Amino acid sequence: MRLAGKRPLVFWGGALAVGMLVLRIVLINATYLLEDEAYYFIWSRHLSHGYVDHGPFLAYFLKLSSLLFGETSFGVRMLGVLSYVLLSLALYAFGKDLRDSFTGVMLAVAFNLTPFFAGASFVQTTDTPMLLFLFLAVWMYYRGFFINRNYLYLGGIFLGLAALSKIGAVFVGFGIAGYVLLSSRRNEHLRKKEVWISLLLALLMYSPFIVWNIQNDFAFVRLATGSLLSRKGGIVRFLEFWGAQAGLFTPLIAGYGIYLSVKTLVRRPQGNQGEAKFFLSMTSLVPLVYIVQKSFRNKLEANWGAFAFVGLLVLTVWHLSENWNRRKIRTVTSINFGIAVLFMLVVAVQAIVPVFPVPSRADATRRYYRSSVFEGEFKEYYQQELRKDVRIFGPNYQIPSMINFYTEPQLEAVRLDLGEYHATSYEYWYEDSSFVGEDFYFVTNHPPTDRVTDHFDQVVFIRNFDAMRGSDRVARYRLYYCVHYHGSGKVSGGEEGDK
């Protein structure tokens, strides 16, 4: 096959992907854990087969990373970076299965130059293992349907692990099931025992979290269908969410990819390749239908629809590869990923050295330094001035998690359920009744509310601590001493083995 017009992408795209990898390694060593990352790491100190917020896989993933590379921001994040390097190699093989080596290179490069996918290897959240296993699941199901049915077994295992990482992955599973039911080869697929066994394997992988929910009064289900989706949506929030998707996944993937999926569904191309494209479109469209209606009805976080973009990326790259001889395709693709690289480069540089004059409220990279005070001034004050037999609590899960990771108090910091926040894992690790009558230190970024002061005999302000990034104050935390906890009046719901 002629390589005219392809060598520049192979060379420059590959060089940029490698450059972004090196930059991510620099970033994981130069910045502090984000608040949620610290919280997820604390899970790894309370290993369980479920958590009130998510499935358990990330906890074991971070445990392994920290055992291999140390309990530092670098150590906690390094396995995520390495796993995405291996995933890039898998995507190259996926692209070769779809068409040829050039498609493989293009898929691996596009994956690494898409901001959200690149960021998921750097910032360790439940998206990190979910996306890792979803890409592998879609690849294995593709191979199972179109190359060798035995790969369906691996597809089921990877799909179950993706769901065990984050529940949104099940919508890709629904998309795969939709393909089977709507395929022109429906009867053939339904007769394959491998299809049914793969679904059983996916369920088996996910079963630990099902058991945990049964044992804990379906805590995750109640949280996911309650307070997390209680924020109302509307047209403005809908547009904000999808504008964020265009930025995080690039306009080419978020815009043209959706168009290709719909076009494939409507036109139903024939032949083996047509069936394969229909399969990929179904893995995207079913999740997209769910996300579109949710994004209008509720206020969603920008990362909540990531699972819908796995099939979109693969389908879009396949189309671009087939039409790479067209100058317009090459130009649009180069501009799309060129802007994406520029965006990632600016963010990365700003995160390490804030050289760009961005207003404080608009500079998201300041978040990477909110934990700095808990490794510095607060830790020193704790070691020299505070009583080690008095436990620290916070108003949410983020603050005690940052304290536990960086300050390392003698008694693990907790979050007390005083009715101001949704349920967190801390309430499942500690019985509230065991704290009644105790004194606490309270660390918060806002003055204590009546709900806090009403649960203690006395709340006394001690001092402020500022998280600094050079001369820039990125956060202020207040320290209080709270006398004689009355208790929340609620019954905690953790398993004995989780405490």
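Residues numbered from 1 in each chain as written. Predicted model: local features only at pLDDT ≥ 70, side-chain atom pairs only at ≥ 80, totals over all residues. Heavy atoms only, no water.

**What about the overall build of the chain?**
And then number 1: Counting its secondary structure elements, the chain contains 21 helices and five strands.
And then number 2: Here the C-alpha radius of gyration of the chain, 24 Å, is about what a compact globule of 499 residues would show, namely 23 Å.
And then number 3: By principal-axis analysis of the C-alpha atoms, the chain measures approximately 75 × 50 × 45 Å.
And then number 4: Within the chain, buried positions represent 54% of all 499 residues. (Helix = DSSP H or I, 4+ residues; strand = E, 2+ residues; numbered from the N terminus. Rg over C-alpha atoms; globule rule 2.2 N^0.38 Å. Buried < 20%, exposed > 50% of the residue type's maximum accessible area, 1.4 Å probe, protein only.)

**Some details on the packing of aromatic side chains**
And then number 1: Summed over all chains, the structure comprises 60 aromatic pairs.
And then number 2: With a centroid separation of 5.9 Å and 40° between ring planes, the pair formed by Y39 and Y40 is classed as tilted. For the pair formed by Y39 and Y40, the shared burial category is buried.
And then number 3: Each ring, one from Y179 and one from F279, has its centre 5.4 Å from the other, and the planes form 80°; the classification is edge-to-face. Here the residue Y179 occupies a position in helix α9 (residues 170-182), and F279 occupies one in helix α14 (residues 271-297), the gap between them amounting to 100 residues. Comparing Y179 with F279 shows no difference in burial state: the two are buried.
And then number 4: In textbook terms, an aromatic cluster arises when at least three aromatic residues are bridged by ring pairs, as seen for F94, W139, Y141, Y142, F145, F146, Y179, F278 and F279.
And then number 5: The residue whose ring lies beneath R143 is Y151, and the NZ or CZ to ring-centre distance is 4.7 Å.
And then number 6: The aromatic ring of F278 is capped on one face by R268, whose charged end is 3.8 Å from the ring centroid. (Phe/Tyr/Trp six-rings, centres within 6.5 Å; stacked < 30°, edge-to-face > 60°. Lys NZ or Arg CZ within 6 Å of the ring centre and 35° of its normal.)

**Regarding the confidence of the model for the chain**
And then number 1: Per-chain confidence: the chain averages 92 in pLDDT, with 96% of residues scoring 70 or above.
And then number 2: Per-residue pLDDT stays below 50 along residues 491-499; that stretch engages in 26 contacts with residues further than four places along the chain or on separate chains. (pLDDT = per-residue confidence, 0-100. Contact = heavy atoms within 4.5 Å.)

**A look at a nonpolar patch on the surface**
And then number 1: A cluster of nonpolar side chains, namely V18, V22, V26, L342, L345, V346, V349, I352, V353, V355, F356 and V358, defines an oily patch on the protein surface of about 910 Å² accessible area.
And then number 2: Those elements that provide at least two residues to the nonpolar patch are α1 (7-30) and α16 (327-352).
And then number 3: Mapped onto the elements, V22 comes out in helix α1.
And then number 4: Look at V22 and you get partly exposed, because its relative accessible area is 48%. (Patch = residues over 30% accessible without salt bridge, like charges linked within 9 Å, V, L, I, M, F, W, Y side chains within 5 Å. Areas by Shrake-Rupley, 256 points an atom, 1.4 Å probe, with all protein chains shown as cover. Salt bridge = Lys/Arg side-chain N within 4 Å of Asp/Glu carboxyl O.)

**Concerning the sheet that holds strand β4 (residues 456-469)**
And then number 1: The sheet built from five strands is open, its strands ordered β2-β1-β3-β5-β4 with mixed pairing. Of all strands in the sheet, those with a lone pairing partner are β2 (414-415) and β4, marking the two edges.
And then number 2: Two elements, strand β3 (residues 440-444) and strand β5 (residues 472-485), share five bridges in a ladder whose sense is antiparallel. Along β5, the bridge assignment pairs T444 with R478. (Pairing = 2+ DSSP bridges.)

**Structural notes on the side chain of E412**
And then number 1: Relative to the elements of secondary structure, E412 occurs in the loop between α19 (398-407) and β2.
And then number 2: Here E412 sits buried without a salt bridge, and the closest side chain of opposite charge, R45, lies 5.1 Å off (N-O distance).
And then number 3: Contact partners of E412, with chain neighbours within four places excluded, come to I42, H46, R391, N404 and Y430. (Lys, Arg positive; Asp, Glu negative; His and termini not counted.)

**Looking at the pattern of salt bridges**
And then number 1: Evaluation of the coordinates by the stated rule reveals 20 salt bridges.
And then number 2: For R370, the salt bridge goes to E35, with nearest N and O atoms at 2.7 Å. Of this pair, R370 sits in the loop between α16 and α17 (372-375) while E35 sits in helix α2 (residues 35-43), and the two are 335 residues apart along the sequence.
And then number 3: By relative accessible area, which is 10% here, E35 ends up buried.
And then number 4: We note a salt bridge from E408 to K379, for which the minimum N-O separation is 3.7 Å.

**Observations regarding helix α13 (residues 235-267)**
And then number 1: The terminal C-alpha atoms of α13, which comprises 33 residues, lie only 30 Å apart, well short of the 48 Å expected from a rise of 1.5 Å per residue.
And then number 2: Of all bends in α13, the biggest is about 120°, found at T250, and the proline P251 comes one to four residues later.
And then number 3: R268 sits one or two residues past α13 and shows a positive phi near 45°. (Expected span 1.5 Å × (residues − 1). Bend = angle between axes of the 7 residues up to and from the residue.)

**Observations regarding the pairing of β5**
And then number 1: The sheet contact formed by β4 and β5 spans twelve bridges and is antiparallel. Paired with F465 across the bridge in β5 is Y477.
And then number 2: Turn length for the β4-β5 hairpin, with the two strands adjacent in sequence and antiparallel, is two residues, and the turn residue G470 shows positive phi of about 70°.

**Side note on the packing of helix α6 (residues 115-122) against α13**
And then number 1: The geometry of α6 relative to α13 is characterised by a closest axis approach of 7 Å and an angle of 130° between their N-to-C directions. Between α6 and α13, the angle is such that the two are oblique. Two secondary-structure elements touch here, α6 through P115, F116 and F117 and α13 through G247, L248, F249 and T250.
And then number 2: Its residues assigned to classes, the contact of α6 with α13 comprises five nonpolar, two polar and no charged. (Axes fitted to C-alpha atoms, helices over the stretch in contact; angles between N-to-C directions. Parallel < 35°, antiparallel > 145°, perpendicular 65-115°, else oblique. Nonpolar A, V, L, I, M, F, W, Y, C, P; charged D, E, K, R; others polar.)

**Details of the packing of α13 against α14**
And then number 1: Here α13 crosses α14 at 155°, and the two axes come no closer than 10 Å. By the angle between their directions, the pair α13 and α14 is classed as roughly antiparallel. Helix-helix and strand crossings are classified by hand; for α13 and α14 the assignment is left-handed. Here α13 contributes I235, R237, F238, F241, W242, I258, S261, V262, T264 and L265 to the contact with α14, which in turn contributes K277, F278, S281, M282, S284, L285, L288, I291, V292, S295 and F296.
And then number 2: Looking at the contact of α13 with α14 residue by residue, the class counts come to 14 nonpolar, five polar and two charged. (Left-handed = near helix turned anticlockwise from the far one by under 90°.)

**Description of unusual backbone geometry**
And then number 1: Phi at D217 is positive, roughly 55°, even though this residue is not glycine.
And then number 2: Its identity as a non-glycine residue notwithstanding, F218 has a phi of 55°, on the positive side.
And then number 3: Mapped onto the fold, F218 is located in the loop between α11 (193-215) and α12 (219-224).

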